[in-house]
Amino acid sequence: MSPPLTQVFVYGTLMPGERNAHVAQRGGPFSAQPATLHGYRLFHLSPENYPGLTPGTEADAVRGYTLTYTPAHWEQALSFLDRLEGLHETPALYTREQVQVRHDDGQFSDTWVYVYARPERLNAPGVQFIESGDWHEATTRDQHGEDHR
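Below or above, wherever it landed, is the structure these notes cover.

Definitions and limits used
- Residues numbered from 1 in each chain as written.
- Predicted model: local features only at pLDDT ≥ 70, side-chain atom pairs only at ≥ 80, totals over all residues.
- Heavy atoms only, no water.
- Pairing = 2+ DSSP bridges.
- Helix = DSSP H or I, 4+ residues; strand = E, 2+ residues; numbered from the N terminus.
- Axes fitted to C-alpha atoms, helices over the stretch in contact; angles between N-to-C directions.
- Phe/Tyr/Trp six-rings, centres within 6.5 Å; stacked < 30°, edge-to-face > 60°.
- Buried < 20%, exposed > 50% of the residue type's maximum accessible area, 1.4 Å probe, protein only.
- Lys NZ or Arg CZ within 6 Å of the ring centre and 35° of its normal.
- Contact = heavy atoms within 4.5 Å.

A few points about the sheet that holds strand β6 (residues 94-103)
- Here we have five strands rolled up into a closed barrel, ordered β1-β5-β2-β6-β7, and mixed in their pairing. Here the average twist between neighbouring strands, direction ignored, is 50 degrees.
- The sheet contact formed by strand β2 (residues 30-38) and β6 spans two bridges and is antiparallel. Bridge pairing in β6 places Thr36 opposite Arg102.

Some points on the sheet that holds strand β3 (residues 40-45)
- On the basis of which strands lie adjacent, the open sheet formed by three strands has the order β4-β3-β8 and antiparallel pairing. On the outer flanks of this sheet lie β4 (50-55) and β8 (127-129), each paired with one strand and no other. Strand-to-strand, the axes of this sheet are offset by a mean angle of 30 degrees, without reference to chain direction.
- Across three bridges, β3 lies against β8 in antiparallel orientation. By the bridge assignment, Leu45 is partnered in β8 with Val127.

A look at the packing of aromatic side chains
- Throughout the structure, instances matching the rule amount to six aromatic pairs.
- Here Phe43 and Phe129 contribute two aromatic rings whose centre-to-centre distance is 5.5 Å and whose plane-to-plane angle is 50 degrees, an arrangement assigned as tilted. Here the residue Phe43 occupies a position in strand β3, and Phe129 occupies one in strand β8, the gap between them amounting to 86 residues.
- With a relative accessible area of 11%, Phe43 lands in the buried category.
- Residue Phe129 is classed as partly exposed on the basis of its relative accessible area of 32%.
- Within the aromatic cluster, the residues linked to one another by ring pairs are Phe30, Tyr69 and Trp74.
- Seen from the ring of Phe129, Arg41 lies directly overhead, with NZ or CZ sitting 4.0 Å from the centre.
- The side chain of Arg96 reaches across the aromatic face of Trp112, ending 5.2 Å from its centre.

Re the environment of Arg121
- Here Arg121 shows up in the loop between β7 (108-116) and β8.
- According to the relative accessible area criterion, Arg121 is buried, its value standing at 14%.
- Put simply, Arg121 and Gln98 are 23 residues apart on the chain and 23 Å apart in space, counted from C-alpha to C-alpha.
- Residues within four places of Arg121 in sequence aside, it is in contact with Leu45, Ser46, Pro47, Glu48, Tyr116, Gly126 and Val127.

Structural notes on unusual backbone geometry
- That bond from Thr90 to Pro91 is cis: its omega, -5 degrees, falls within 30 degrees of zero.
- When you line up the elements, Pro91 lands in the loop between α2 (71-84) and β6.
- Of note, Asn49 is a non-glycine position whose phi angle comes to about 65 degrees, a positive value.
- For Asn49, a relative accessible area of 4% puts it in the buried group.

Written as structure tokens, this is what we have:
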């Protein structure tokens, strides 16, 4: 039996130094490591002022961090993360999927990622495609949206 997967790839408000980093910290101690997720595209949604990640092409990549929790803290962390990401809303805001990321040191690892689950929103006004895959380029990223995410 393999150990539980206790790592999540974050690419927006949960990254170290961003406005919801405190939510990740509520889950318990973790280590953060820079990483890239290939094959996905990144969007900034406004007026919500948070990102959405969707499957893309082989040429697409998203920059972020893996947050690795201890197995003892994983369930607690997951509870906070799932709530912030609207996993159990109807309809869901994000889904949690298992992917593989490449760390800056060249190592690969399996991780969870939250994928934006409302594709119709991406065709509406206020959506900015972040070609570089780095959410730090979003113009209004440090402002809260109406839902305070």
